[in-house]
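Structural description and commentary
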Amino acid sequence: MKAREFWLLFFPSLVVMGGLLVLPLLRTIQWSLEEVHYGTPGTFVGLQNFVAALTDARFGRAALFTVVVTVITTIILLVLGYIVATGINRLTTSRPLVLGIMLVSYVLPNLVGAVAFSWLFDDNFGGVMNRLIGFFSGTQVLWFTDQVPNAVLVIANTVWHMLPFAMLIILAGLQGVPAELREAATIDGANAWQTHLSVIIPTIRGVLGFVTLITIMDVLRMFDNLIPLSPQAASIGNESIMMYVYSVAFADGAQKLGLGSAINVLTIILILVMLVPFIRGIFKEAKAER
Amino acid sequence: MTLPDLDLSTRAVTTGRPAVRGRAGTRPRRPVITGILLAILCVVVLSPFIWMTLSVTKPTDVAFANPPVLGGYEPTLKAFVDLWETTYFADYLVNTIVVAVVSTVIALAIGIPAAYALSRYPSYVSALLLVLALIFRALPRFAVVLPMYDISRALGIYDTTFALAIALVAINQPFTIWLLRNFFADIPRELDEAAMIDGCTRIGMLRRVMIPLMGPGILTAGIFVFLFAFQEYLTALVLTDTSSKTVPVFIATQLGQTLPMLQQAGAASMLLTIPVFVIAFIAQKYLVAGLSDGAVKG
């Protein structure tokens, strides 16, 4: 294909992405160095916003909460996703039904799913979960006002929402594992446990890495599900980074746009660092193709 | 980590084979226990919806009673009727659908040629642009949405369905291109050349040869872009106010209200859940392919 044709075909998409992604992003970077309000030009303040963000205890708590939830969720998703995918891989006729049911929580708007999820735990909505827990252990859990139970609730919801994704990608990976490989392992005397641990998992590590990457990226940005799940997020210390940005830079007329933008920039840097191995993979593929 | 790992399911869709199939040589070991465990998992996965359905169809006075009332009441659809009659739900639903349809059409119209170009242009430019697409896909949403809010106010298009739709086109464009490009990459280049030797122009070839061949790929991308627009909460929250509010934003605002309105929020959630159930079953093949291949939610 000639260069002229390439740019002609790519141009409309480039205009949209340039105008509505690149320019806004540049504006965010500019704002992060300014004291600024919506609709008015800002004044340059250097790295003051970054200093303010990094020394703000509330931001520290939000970052800690977000990272802890991200790490725990990612580990649970990998383990559970692998187990469920292995199970579904054994199904034959009932597979479409099971996949269909599993997909619902992923396809539904995150916020709507979280609303439904929160009703199971909220005592004002019947308190089904607390009834169950009370039946077995006799205790009541404060799912919405106690920091740790609320974090557990958030993690449970995130796992519920993202499990179909993790499971499907791992399932695709499992289907790429040659049957001969498993047979060879069995002949060599490996038990099921050893086969999974030292044959199958190493074979699909690329897929597992991919699931890890996407999960980390998506959970670091969590926002929607916390609206119903953690209505008192700020006061109990369960605020996510994106909720913090929202509350300083947008909610209820908040105008600390510079601070919010600085936090966005810090988050972008974090995400870019994590993307490096994946980007190297794309360039390797591009090189191999040509 | 390489992309070819994930190519599997694209081919499954484009060649019409079932997207997921049993692997030869798998011993069906203890399928009964696996089946029971998965059945329990399915019930757990669906439990929030089951509970919500029960709560929404109860009369208001017992809907959220604690301990829960499980029988002895007359099921009712009053919450749905109230939702329809006392709120602007119908308007919000229309907004949501308009935004989703408009953004899907525009996203495909500009995404298809771009993805095709990327799959055929033999240079580092193409790899570089894909990397940029991936990075933009990974950005925290507020980093682009807050400036969009400022710009849309300045241009006087704030709180219009068009502004929201075009914003979502841009936000989902990296994913759209990425997914479509993977599908195009599976179509042999010899086909392009043969068509062009026969006298087609590049654009004519794209229209007459590629797009018909890409049917399943385009459908997959279309379903995803539609779903992303339909699911979007954060962007709609920032870019809309009253006249172009979407259903997820409406549901979120109802949460802080009193009991009958909460039941209406539940009814609204149910109304969104039902089409999603249908999509999860009817379009399963395409969802599975898109997830494993584009694999990146916006």
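None of the values given here were measured: they were computed from a predicted structure. (Residues numbered from 1 in each chain as written. Chains lettered and ligands numbered in written order. Predicted model: local features only at pLDDT ≥ 70, side-chain atom pairs only at ≥ 80, totals over all residues.)

1. Comments concerning the overall build of chain A
Let me state the cut-off plainly: Strands here are runs of E lasting at least two residues and helices are runs of H or I lasting at least four, both read from the DSSP assignment and numbered beginning at the N terminus. Once C-beta atoms have been placed from the backbone, residue pairs whose C-beta atoms lie within 7 Å are recorded as contacts.
For chain A, the helix and strand inventory stands at 14 helices and 2 strands. Once local pairs closer than 6 in sequence are excluded, the contacts in chain A between residues at least 24 apart make up 69%.

2. As for the overall build of chain B
Stated precisely, the cut-off is as follows: Remark: C-beta atoms are placed from the backbone, and a residue is labelled buried if 20 or more other C-beta atoms sit within 10 Å of its own, exposed if 12 or fewer do, or partly exposed between those counts.
Along the backbone of chain B there are 15 helices and 0 strands. Scored against the burial criterion, the 298 residues of chain B give a buried share of 51%. Once local pairs closer than 6 in sequence are excluded, the contacts in chain B between residues at least 24 apart make up 79%.

3. Observations regarding the domain arrangement of chain A
Residues and elements named next belong to chain A. As a reminder, the rule being used: In this entry, domain limits derive from an automatic or database-based domain assignment. The nonpolar class holds Ala, Val, Leu, Ile, Met, Phe, Trp, Tyr, Cys and Pro. Asp, Glu, Lys and Arg form the charged class, and all remaining residues, Gly among them, are polar.
According to the domain assignment, chain A contains domain 1 (26-55 + 250-284) and domain 2 (72-241). Summarising the inter-unit geometry, the C-alpha centres of domain 1 and domain 2 are found 31 Å apart. When the residues that make up the side of domain 1 that touches domain 2 are grouped by side-chain class, the tally is 4 nonpolar, 1 polar and no charged.

4. As for the interface of chain B and chain A
Listed per partner, the contact involves 95 residues of chain B and 95 residues of chain A. Tallied by class, residues from the side of chain B that touches chain A come to 71 nonpolar, 16 polar and 8 charged.

5. Observations regarding the packing of helix α1 (residues 3-31) of chain A against helix α8 (residues 161-185) of chain B
So the rule is basically this: Only C-alpha atoms enter the line fits that serve as axes; for helices the fit covers just the stretch in contact. Angles between N-to-C directions range over 0 to 180 degrees. Roughly parallel means an angle under 35 degrees; roughly antiparallel means over 145; roughly perpendicular covers 65 to 115; every other angle is labelled oblique. Each crossing gets its hand from how the near helix is turned against the far one by less than a right angle, where anticlockwise is left-handed and clockwise is right-handed.
Viewed as axis vectors pointing N to C, α1 of chain A and α8 of chain B meet at an angle of 120°, and their least axial separation amounts to 9 Å. Looking at the two axes, α1 of chain A sits oblique to α8 of chain B. The element α1 of chain A and its partner α8 of chain B pack so that their crossing is left-handed. The segment α1 of chain A lies against α8 of chain B, with S13, V16, M17, L20 and L21 of chain A engaging I166, A167, V169, A170, Q173 and I177 of chain B.

6. Overview of the nonpolar core
Just so we agree on the cut-off: Linking buried Ala, Val, Leu, Ile, Met, Phe, Trp, Tyr and Cys residues through C-beta atoms within 7 Å yields a set, and such a set is a nonpolar core.
If you look at the biggest cluster of nonpolar residues, it comprises 179 residues, and the most contacted ones within it are M167, I169 and I170 of chain A together with A167 of chain B. In terms of residue count, α8 of chain B provides more of this core than any other element does, 16 residues in total. For this core, the two domains that each supply at least three residues are domain 1 (26-55 + 250-284) and domain 2 (72-241) of chain A. Filtering out sequence-adjacent residues up to four positions away, M167 of chain A remains in contact with G81, V84, A85, I88 and M102 of chain A.

7. Looking at helix α7 (residues 147-175) of chain A
Basically, it comes down to this: Each residue after the first adds 1.5 Å to the expected span of a helix. Bend, at a single residue, is the angle you get between axes fitted to the 7 residues ending at that residue and the 7 residues starting at it.
Between the first and last C-alpha of α7 of chain A there are 41 Å, a value that for 29 residues agrees with the 42 Å anticipated at 1.5 Å per step. At M162 of chain A, α7 of chain A shows its maximal kink, close to 45°; a proline, P164 of chain A, follows between one and four residues later.

8. A word on the environment of L118 of chain B
With respect to the helices and strands, the residue L118 of chain B is situated in helix α5 (residues 89-120). Along the primary structure L118 of chain B and I36 of chain B are separated by 82 residues, whereas in three dimensions their C-alpha atoms are 46 Å apart.

9. Describing the packing of helix α8 (residues 179-187) of chain A against helix α9 (residues 192-203) of chain A
All names here are of chain A. As a packed pair, α8 and α9 sit with axes 10 Å apart at the nearest point and diverge in direction by 155°. With respect to α9, the element α8 is oriented roughly antiparallel. For α8 against α9, the interelement crossing comes out right-handed. Mapping the contact onto sequence places L181, R182, A185 and T186 in α8 and T195, V199 and T203 in α9. Counted by class, the contact of α8 with α9 contains 3 nonpolar, 3 polar and 1 charged residues.

10. Quick notes on unusual backbone geometry
With a phi close to 65°, D159 of chain B is a non-glycine residue in the positive phi region. Of note, D159 of chain B is situated in the loop between α7 (142-155) and α8.

11. Considerations on the confidence of the model for chain B
For residues with low pLDDT, the predicted coordinates do not support detailed interpretation. Operational definition: In predicted models, pLDDT denotes the confidence assigned by the predictor to each residue on a 0 to 100 scale.
Averaged over every residue, the pLDDT of chain B is 80; residues scoring 70 or more account for 87%. Scored below 50 in pLDDT, residues 1-25 of chain B makes 61 contacts in the model with residues more than four places away or belonging to other chains.

12. What to know about the environment of V207 of chain A
By the secondary structure assignment, V207 of chain A is in helix α10 (residues 205-220). For V207 of chain A, a count of 27 C-beta atoms within 10 Å corresponds to the buried category.

13. A word on the environment of P228 of chain A
Among the secondary structure elements, P228 of chain A is positioned in helix α11 (residues 226-229). Contacts of P228 of chain A, omitting those with residues within four sequence positions, involve L111, A114, V115 and S118 of chain A together with L255 of chain B.

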